[in-house]
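# Reading the structure
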Amino acid sequence: MVDATKPGILYLVGTPIGNLEDITFRALRILREVDLIAAEDTRHTGKLLHHFQIQKPQISYHEHNLKQRGDQLVAKLLQGENIALVTDAGTPGIADPGTAIVQSCIEAGITVVPIPGPSAAIAALTVAGLPTERFVFEGFLPSKGKPRRERLQAIATETRTIILYEAPHRLVQTLEDLGENLDNQRHLVIARELTKLHEEFWRGSIGQAISHYQLDTKPQGEFTLIIAGKTPTHEPLSEEALKSELENLLKQGMSRSQATQHLSQAAALPRRQIYQLALTIPDPEPPSESN
Ligand code: SAM
């Protein structure tokens, strides 16, 4: 029963990325208990609900009706309805609709509760065998032009493990662009059809992946790419160059300790070494007053 005296709750419910056994007990309970399910594709989610014998009204919420449908959902939540948001697969909001309505709910004072479930990004990362202490999720690359070039250039210098999503018909083009911008020798893991019958992990260099998918195997199914970050190159900076950089940072208003923190990370040098140098630099002149 809807309690109209207080706002309802928006639940972001993670659903399987293939294997239906990956649904959680809590996700099933929430889907059974809410008043309404907002789904990216109601037919797709209908199959999931049918499998688990859940009968619940659905309403569509996808990238083409985000604003108008989002407003309607917020209005329903304010009237006391509890709503579950689900997407076609995985965690809502991760390269999927979700972020906009979460923001609207927070602004409207509506509680948003995560019901964690699978996400292709994390599933692939955990078995890639690449560092997981620090990673960056890039989702889908922009499809073309300057935005794509700029993103590829930014990724080229990324030292953390990189996660990308890609559609099968764009896979080879993306691998070629990665080879050109990063390095054909860079190691990557291509996770295909995670949790499904034809689950597969291909490991090798970008160059080998291009040959594999261009010549041997036509890309089919769903793909998540886990790419090794760039190995940091420590080109030694001279003491003069380090001092000059520190002077600039101090002039910009940083304290010695902030400048040390910043430069030691950027140059991958020990903090103590940089701080000793920072202590040799006089305080910057205060800006002269103009009349
Ligand atoms: N929200 C989802 C999540 O949390 O994983 C991602 C949605 S995004 C629209 C869909 C993309 O995720 C696919 O194009 C593919 O790159 C990746 N993906 C989804 N399911 C996958 C699977 N079973 N195996 C590999 N990649 C998958």
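Right, let's walk through the structure included here. (Residues numbered from 1 in each chain as written. Predicted model: local features only at pLDDT ≥ 70, side-chain atom pairs only at ≥ 80, totals over all residues. Heavy atoms only, no water.)

## Observations regarding the layout of surface pockets
Rules: Using a grid of 1 Å spacing that covers the protein atoms alone, one calls a set of points a cavity when a 1.4 Å probe fits there but cannot get out, and a pocket when the set is open and has protein on both sides within 12 Å along at least five of seven lines; lining residues are those with an atom within 4 Å of a point. Grid points are joined across faces, edges and corners, and a volume is the space filled by probe spheres set on the points. Numbering of helices and strands starts at the N terminus; helices are DSSP runs of H or I of at least 4 residues and strands are runs of E of at least 2. Each residue gets one label: Ala, Val, Leu, Ile, Met, Phe, Trp, Tyr, Cys and Pro are nonpolar, Asp, Glu, Lys and Arg are charged, and the others, such as Gly, are polar.
Size it by volume and the largest pocket reaches roughly 710 Å³. Lining the largest pocket are 34 residues, and of these Ile17, Asp88, Ala89, Gly90 and Glu222 sit closest to its centre. Within the residue set of the lining of the largest pocket, elements represented by two or more residues are α2 (42–51), β7 (161–166) and β10 (223–227). For the lining of the largest pocket, the class distribution of residues is 16 nonpolar, 10 polar and 8 charged.

## Digging into the side chain of Ser264
Stated precisely, the cut-off is as follows: We call two residues in contact when some of their heavy atoms are within 4.5 Å.
Tracing the sequence through the fold places Ser264 in helix α10 (residues 256–266). Beyond its immediate stretch of four places on either side in the chain, Ser264 contacts Leu269, Pro270, Arg271 and Ile274.

## Some details on the environment of Thr45
Threshold: Any residue under 20% of the maximum accessible area for its type is buried, any over 50% is exposed, and the rest in between are partly exposed; the area is computed with a 1.4 Å probe on protein chains only.
Relative to the helices and strands, Thr45 is located in helix α2. With a relative accessible area of 3%, Thr45 lands in the buried category. Taking the C-alpha atoms as reference points, Thr45 and Glu247, separated by 202 residues in sequence, lie 59 Å from one another. With residues up to four places along the chain from it excluded, the contact list for Thr45 reads Ile37, Ala39, Gln58, Val86 and Thr87.

## Overview of the environment of Lys47
Within the fold, Lys47 resides in helix α2. Each C-alpha atom, one on Lys47 and one on Val86, is 13 Å from the other, the two residues being 39 residues apart in sequence.

## Comments concerning the site of the ligand
So the rule is basically this: Proximity is defined per residue: any heavy atom of the residue falling within 4 Å of a molecule or strand makes that residue near it. Two N or O atoms count as a polar contact when they lie within 3.5 Å, although within protein this holds only if one can serve as hydrogen donor and the other as acceptor, and sequence-adjacent residues are included solely when both atoms are side-chain atoms.
Lining the immediate environment of the ligand, one finds 19 residues, of which Ile94, Asp96, Ser119, Ala120 and Phe223 sit closest. Backbone polar atom of Ile94 to a nitrogen atom of the ligand: 2.7 Å apart, as the coordinates give it. Contact distances for the ligand include 3.5 Å between a nitrogen atom and a side-chain N or O atom of Glu222. Breaking the shell around the ligand down by element, the ones donating at least two residues are β7 and β10. Taken together, the residues of the shell around the ligand sort by class into 10 nonpolar, 4 polar and 5 charged.

## Some details on the sheet that holds strand β1 (residues 9–13)
Strand-to-strand pairing in sheets goes through backbone hydrogen bonds, with the strands running parallel or antiparallel. What counts, and what does not: Any two strands with at least two DSSP bridges between them are considered paired. Lines are fitted to the C-alpha atoms to define the axes, a helix being fitted only along its stretch in contact, and any angle between axes, read from their N-to-C directions, falls within 0 to 180 degrees.
Reading across from one edge, β3-β2-β4-β1-β5 is the order of the 5 strands in this open sheet, with parallel pairing throughout. The open sheet has two free edges, formed respectively by β3 (58–60) and β5 (111–115), since each of these has just one partner strand. Neighbouring strand axes in the sheet, compared pairwise and without regard to direction, differ in orientation by 25° on average. Here helix α1 (residues 25–33) sits on the sheet in contact with β1, β2 (36–39), β4 (83–86) and β5, set at roughly 140° to β5.

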